[in-house]
Amino acid sequence: MINRRDTLIGLAGLAGALTAARAQGGEVVIGAIYPMTGPTAQVGTDAKHAFDTALEVINTAVSLELPTAKNAGLAGLGGAKVRIVYADHQADPQKGRAEAERLITQEKVAAIVGCFHSSVSTTVSATCERYGVPFVCADSSSPSLHRRNLKFFFRTAAHDEMFSEAMFNFLDAQKAKGQKIASVGLFYEDTIFGSDSSNVQRKLAQERGYKVACDIKYRNSSPSLTAEVQQIKSASPDVLMPSSYTTDAILLVKTMAELGYKPKSIIAQAAGFVEKPTLDAVGDRLGGMITRASFSVDLGEKRASAHAINEKFKARAGRDLNDQTSRQFTALIVLADAIDRARSTDGQKVRDALAATDIPGDKTIMPWSRVKFGADGQNTFASPVLIQYVGNRFVTVYPFEVAAGAAQWPMNG
Amino acid sequence: MNAAAWLQVLASGLLMGLVYGLVAVGLSLIFGLMDVVNFAHGEFLMLAMYAAFGLFSFAHLDPVIALPLVAAAMFGVGAFAYAGVVRHALRFKANTGMVQIFATFGLATLIQGAAQYLFSPDYRSIKGGWLEGHTLNVGGVFLPSAQVYAALVSVLAFGGLYLLMTRTDFGRALEATREDKGAVALVGIDSNRVFTLGWGLGAALVGVAGAVLATFYYIHPQVGASFALIAYVTVALGGFGSVFGALAAGVIVGIVEAGTAALLPPALKALGVYLLYLAVLFLRPQGLFGKL
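These numbers come from a predicted model, not from an experiment. (Residues numbered from 1 in each chain as written. Chains lettered and ligands numbered in written order. Predicted model: local features only at pLDDT ≥ 70, side-chain atom pairs only at ≥ 80, totals over all residues.)

1. Observations concerning the overall build of chain A
1) Next: Secondary structure summary: chain A contains 12 helices and 14 strands in total.
2) Next: Taken against the 2.2 N^0.38 rule, which gives 22 Å for 413 residues, the C-alpha radius of gyration of chain A at 22 Å falls within 12% of a compact globule.
3) Next: Per-residue burial for chain A yields a buried fraction of 55% across its 413 residues.
4) Next: Long-range pairs, those at least 24 residues apart, make up 67% of the contacts in chain A with a sequence separation of at least 6. (Helix = DSSP H or I, 4+ residues; strand = E, 2+ residues; numbered from the N terminus. Rg over C-alpha atoms; globule rule 2.2 N^0.38 Å. Buried ≥ 20, exposed ≤ 12 C-beta atoms within 10 Å, placed from the backbone. Contact = placed C-beta atoms within 7 Å.)

Right, here's the structure in full:
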């Protein structure tokens, strides 16, 4: 007779065998930690569409010039399919850390991608490092993330230093053309995204001789931003440089209009300013706004795969790829390619394969020259672009080599 | 910042403060009536904003017109929340306080989850409403017409509430029930009915707040959270259960918050409000206008 103890041992053995078999024959499990509820839940929902689009490329045969596209599943693992397990961090670094731990120990994920909020990517990447599981940072841009000597941290996209440098290069170029740009105004939310972004911008402004007319750190998701906007209005900088998530971006633009303030020009650190809800709500007041980006739909004219992927994404999400979703898509493709080459889901082997990644730019949907990580895990070839919101769409205005046209400057003359 | 800028900050604080008061008064009313803190208050606000958005999008009713409809619908939601959830939670004899907290907190989580599922987590806003984009310029001080409207509605709602509480049988029954539940039962007032109507009224008031907020604020399943937090502080500051304390406290919170944001780094703008709240707690624990 089989007693309960035997059954338990048998079940445990079966579960262990299944986990081992999963990687070889069936599937590779990857964790994705995103805000699925809470004030930025919309980012998580869109991320899921971006990952579903990437899974279509990875798990089915698609004739596009992208890694892992040609055959169904991962060839290096006998055609194993990739499956994503989602976890919700609600923009809370501690919830992110707990979910990373759960995904690694319970779901046995081969790697984790995430996490939008830089504050959450900080704790999640530290947890991954502890367990020796690779973390591919898709869309968090704080420069401090790759400066922590982590061996399992990889970031495919540019960080805010690269982005902000592009902004100031652009400003210098405008000045050289005879535009009067003397001051910038910093306006940033109070987590690591905003403070890291503003630190870089403050430093660059000083180095390049721009006066910082106002330097406003505000509380995110506040019911009102009137007093904050009043300070910007009083300072009246030549260029307003906001680093804000969606809720605050909408409220900021509305409040500026209500107080009769038209910023001379805006150069935004993407985030909330490229999200469709922001453009739907206040886009009519953002004509001429410039934002940094990793992607722009008009780049699709130069990269055939970008156009095709955008169509696939749009069919799912009902909106174009943007700065966030294009980076999420790319991060998963790069990770799947590394697992494919590693021929294993072992953390160390996938890590080494990621470190050896070298994908030429034309095999991605991004305007980058290539994907190749430095020793710190940062892709140093992720060249940022600046895009301008003109006539309800974004056009690339910088670098000038890839620009669709000259920038409209200033935004409100 | 110069004097004109300060005037602007104070005016904006006052307008926002009147809205804070309106958001908080339903919470205070329900607490005063039956000593229950409704943790789903922010979610009621969110539902009201979605109701206004829905009526605007599908029935092309401007939120100004839709206001009574939203308030009426929220009256139903409030009455149902009492009859369907809170009434049952009150039956428990042990640990009553905790059961009430978890019941309304659970209701909040449920409403929030359902809203995200049904309405998606996208941020909505009402585009092309009557009040949109108009701003009154009073001697250099900008008063957005949507917020002026919200402040006016708030004052009118408080006026109406005052008349209701002092001039009608229902108001007197409400007042009597809050003073002595046992005694009103003896004179033939059904306290259950009064509670149901009280919850309905509280929710209808937050419904009014939601309908006016929808004219100028973004709408989102989590939008209630930031207002609810301020509502709890407002109610505690004004005095738990004091309806007009909520009005005064709302205005104080609005002005102090705006002033702090102008004086200190705006990231610390909640500091002024909470310091004031702490001071009141130490010096006058029943709140500014509380009786307790």
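2. Remarks on the interface of chain A and chain B
1) Next: Facing the 31 residues of chain A at the interface are 31 residues of chain B.
2) Next: Secondary structure elements with two or more residues in the side of chain A that touches chain B: helix H2 (41-59), strand S7 (211-218), helix H7 (226-235), helix H8 (246-258) and helix H9 (276-282) of chain A.

3. Considering the packing of helix H5 (residues 160-176) of chain A against helix H6 (residues 192-208) of chain A
Residues and elements named next belong to chain A.
1) Next: In contact at an axis separation of 9 Å, H5 and H6 are set at 35 degrees when each is read in the N-to-C sense. As H5 packs across H6, the resulting crossing turns out to be right-handed. Judged by residue contacts, Asp160, Glu161, Ser164, Glu165, Phe168 and Asp172 of H5 engage Asp196, Ser197, Val200, Gln201, Leu204 and Arg208 from H6.
2) Next: Of the residues in the contact of H5 with H6, the class split is three nonpolar, three polar and six charged. (Axes fitted to C-alpha atoms, helices over the stretch in contact; angles between N-to-C directions. Left-handed = near helix turned anticlockwise from the far one by under 90°. Nonpolar A, V, L, I, M, F, W, Y, C, P; charged D, E, K, R; others polar.)

4. Side note on the sheet that holds strand S1 (residues 27-34) of chain A
All names here are of chain A.
1) Next: In spatial order, the strands read S2-S1-S3-S4-S5; together these five strands make up an open sheet with parallel pairing. Looking at strand neighbours, the two that pair on one side only are strand S2 (81-88) and strand S5 (153-155), the edges of this open sheet. Put simply, the sheet's adjacent strands are angled 25 degrees from each other on average, direction ignored.
2) Next: Inspection of the sheet shows strand S4 (residues 135-137) paired to S5 by three bridges, in the parallel sense. Bridging from a neighbouring strand, Val136 pairs with Phe154 of S5.
3) Next: In this fold H2 packs onto S1 and S2, with an angle of close to 170 degrees to the strand it touches most, S2. (Pairing = 2+ DSSP bridges.)

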